[in-house]
Amino acid sequence: MDVQQNESGLPSLPGQFEPVRVGRRLFLRFAGALTAGGALLSACKDEENPTTVMATVDLGSGDVGILNYAYALEQLEAAFYTQVVSTPFSGITTAETQILTDLRDHEIIHREFFKAALSTNAIGSLTPNFTGINFSDRSSVLNTAKAFEDLGVAAYNGAGNLIKDVNYLAIAGKIVSVEARHAAAIRDLLNPKSADFAGDDVVTPSTGLDPATKPSGVLPTAQRFVRTPISGANLPTA
C-alpha cells in the first residue's frame, strides 16, 4: 500500500522493538549426600543461558505517537482475529465464521494502513499474549472480542482531539465507525435480537454517545494482551 506522508515532516520515532540479550548468573548449591547413583552438584555459571528480554516500545510523540498508538491496537486486534479464524471455537457456525473472518480482514487492512502511513516511523511488530483466552470456547472468544472492540472504539474517540493533521483525523473517523460496527456485530452474536448491540453500558442513554478514553486509560488494558512493553509517556495529552 503506497501512502504519501504529509508535508509536516513526521519526526523520527525512537524506541523501535529490539530484543536485548541479558546474562543471568545461576548459583545452584546442593549440600549433603545424595542417593546412590546421584552426584553432588555445586555450580556457578556466569553469562551462560542468556535470557531474551523485550525492550520497551516508545510510541513517540505528536501525530506519530497517536498513529503508532492506533497501529499498536490494530496489531492486537488483527493478531486476535487471525488466531480465532485459524483455530475456530467448538460449534462455530457458518455465519459466525463469515463475520469473524470479515473482522479479521478489516483489522489486517487497518494494521497495514498505519504501517504504511508511518513508514520508517512505525513501531515494530508487537508480540501478543493470549494465554488467558480459551480459543476453543465460544464465550471466551466472543467476550474477548467484545472487550477489544469496545476498547478500540473508546480509544479512537479519546484520541481524536489529539490528532493535529486533519487528513489523519478524517481517516481515524472512518476507522472508528468500522470498529463500532464490529462491536455491534459481536454484541449481537452474544445476545441476538436484543438492545445489547448498542447497550447502555457503552452508549450513554442521555447523549447517545459512545465513551471516549484517553491513551493513559487504554494502554494498561491493552498491555495485558501484549508481551512487548509499550510506553505512551510521550503521547500528547491535549
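Parameters and conventions
Residues numbered from 1 in each chain as written. Predicted model: local features only at pLDDT ≥ 70, side-chain atom pairs only at ≥ 80, totals over all residues. Heavy atoms only, no water. Helix = DSSP H or I, 4+ residues; strand = E, 2+ residues; numbered from the N terminus. Buried < 20%, exposed > 50% of the residue type's maximum accessible area, 1.4 Å probe, protein only. Areas by Shrake-Rupley, 256 points an atom, 1.4 Å probe, with all protein chains shown as cover. Core = buried A, V, L, I, M, F, W, Y, C linked by side-chain atoms within 4.5 Å. Axes fitted to C-alpha atoms, helices over the stretch in contact; angles between N-to-C directions. Parallel < 35°, antiparallel > 145°, perpendicular 65-115°, else oblique. Left-handed = near helix turned anticlockwise from the far one by under 90°. Contact = heavy atoms within 4.5 Å. Expected span 1.5 Å × (residues − 1). Polar contact = N/O pair within 3.5 Å; in protein donor to acceptor, adjacent residues only side chain to side chain. pLDDT = per-residue confidence, 0-100.

Here we take up the overall build of the protein. Of the regular secondary structure elements, the protein holds five helices and four strands. The order of helices and strands in the protein, counted from the N terminus, is β-β-β-α-α-α-α-α-β. Expressed as a percentage of its 238 residues, the buried residues of the protein come to 38%. In the form shown here, the protein has an accessible surface area of approximately 12,900 Å², with 55% of it arising from carbon and sulfur atoms.

Of all hydrophobic cores here, the largest spans 51 residues; its most connected members are Leu59, Tyr69, Phe80, Phe114, Phe130 and Ile186. Those elements that place two or more of their residues in this core are α1 (62–86), α2 (94–118), α3 (138–159), α4 (166–190) and α5 (215–223). It is α1 that provides the largest number of residues to this core, a total of 12 residues.

The next thing to look at is the packing of α1 against α5. Interhelical geometry of α1 versus α5 gives an angle of 30 degrees and a closest axis separation of 12 Å. As far as their axial angle goes, α5 and α1 are roughly parallel. Taken as a pair, α1 and α5 cross one another with a handedness that is left-handed. Between α1 and α5, the contacting residues are Tyr69, Leu73 and Leu76 on the first element and Pro215, Val218, Leu219 and Ala222 on the second.

Glancing now at α1. An α-helical turn contains 3.6 residues, so a residue and the one three or four places further along point in the same direction. Taking 1.5 Å per residue as the helical rise, α1 with its 25 residues ought to reach 36 Å, and the 36 Å between its terminal C-alpha atoms agrees with that figure. Taken across its 25 residues, α1 has 19 buried, putting it largely inside the fold.

All right, on to α3 then. The end-to-end C-alpha distance of α3 is 31 Å, a good match for the 32 Å that 22 residues give at a rise of 1.5 Å each. For α3, the tally of buried residues reaches 16 of 22 residues, placing the bulk of the element in the interior. Measuring from the side-chain oxygen of the N-cap residue of α3 to the backbone nitrogen of Ser139 gives 3.3 Å; that N-cap residue is Asp137.

Attention now moves to the packing of α1 against α3. The interhelical angle for the contact between α1 and α3, taken along N-to-C directions, is 165 degrees, at an axis separation of 11 Å. With respect to α3, the axis of α1 lies roughly antiparallel. Considering only the axes of α1 and α3, their crossing is left-handed. Between α1 and α3, the contacting residues are Ile66, Tyr69, Ala70, Leu73, Glu74, Leu76, Glu77, Phe80, Tyr81 and Val84 on the first element and Val141, Thr144, Ala145, Phe148, Glu149, Ala155, Tyr156 and Ala159 on the second.

The subject of this paragraph is the environment of His110. Relative to the helices and strands, His110 resides in helix α2. For His110 and Glu77, which are 33 residues apart along the polypeptide, the C-alpha to C-alpha distance reads 9.7 Å. Those residues within four positions of His110 in sequence are excluded, and the remaining contacts are Glu74, Ile175, Val178 and Glu179.

Right, let's talk about the confidence of the model for the protein for a bit. Put simply, the protein has an average pLDDT of 85, and 78% of its residues get 70 or more. In this model residues 7–48 is a low-confidence stretch, pLDDT under 50, and it forms 67 contacts with partners more than four residues away in sequence or in other chains.

Before going further, it helps to spend a moment on unusual backbone geometry. The residue Ser119 is not glycine, and still its phi comes out positive at about 55 degrees. Positive phi outside glycine occurs at Lys193, with the angle close to 55 degrees. Lys193 sits in the exposed class, given a relative accessible area of 86%.

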